[in-house]
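Tertiary structure, described
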Amino acid sequence: MANSANSLVGNYEHAALEARIEITEANVANGQGKGIFHYESIEVPFALKFHFENSSGPITNLTICGSKDDPNQYLGAAGLTTNQGYPTIEVAGGLARTNGVISMTGVYKRV
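Only a predicted model underlies this, so the values are computations on that prediction, with no experimental measurement involved.

Conventions we followed
Residues numbered from 1 in each chain as written. Predicted model: local features only at pLDDT ≥ 70, side-chain atom pairs only at ≥ 80, totals over all residues. Heavy atoms only, no water. Pairing = 2+ DSSP bridges. Helix = DSSP H or I, 4+ residues; strand = E, 2+ residues; numbered from the N terminus.

Some words on the pairing of strand β9 (residues 106-110)
Judged from the two bridges that link them, strand β1 (residues 10-14) and β9 form a sheet pairing that is antiparallel. Note that in β9 the partner of Glu13 across the bridge is Lys109. Bridge analysis of strand β7 (residues 88-97) against β9 gives four bridges, and the strand direction is antiparallel. Each residue of the ladder has a partner; that of Ile89, found in β9, is Tyr108.

Some remarks on the environment of Ala15
Of note, Ala15 is situated in the loop between β1 and β2 (19-27). C-alpha of Ala15 to C-alpha of Phe46: the two residues are 31 residues apart in sequence and 20 Å apart in space.

Here we look at unusual backbone geometry
The omega angle of the peptide bond from Asp70 to Pro71 is 5°, so this bond is cis rather than trans. Relative to the elements of secondary structure, Pro71 occurs in the loop between β5 (60-68) and β6 (73-81). Of note, the phi angle at Glu18 is positive, near 55°, even though the residue is not glycine. Along the chain, Glu18 falls in the loop between β1 and β2.

As structure tokens, then:
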């Protein structure tokens with residue numbers, strides 16, 4: 001799907017965490033996509049699953065689930081956006097790595 005104001009595809013940053021969710025694909029026909037979570041020098045690919053409230057929105061719920069081995073890095077999160085222009089995505093979840101778990105919770109703004 002092309003990057004547009006009506007697509008989830010794009011970059012979303014959380015300035016305070018210095019983290020970024022990059023959604024590279026979002027297929028509205030099946031509610032699946034993929035992307036990369038960026039934190040410091042860590043980049044973890046993830047699968048995206050999303051669904052529009054009442055099949056048309058404007059509320060969109062989503063899940064992010066990904067992993068990268070060697071070193072072990074796993075992430076899982078649930079999210080919500082309330083506007084189909086997708087200016088923000090509110091996310092709750094975390095990134096587990098060999099030396100601890102990092103919260104990725106907060107509001108990510110489209111950049």
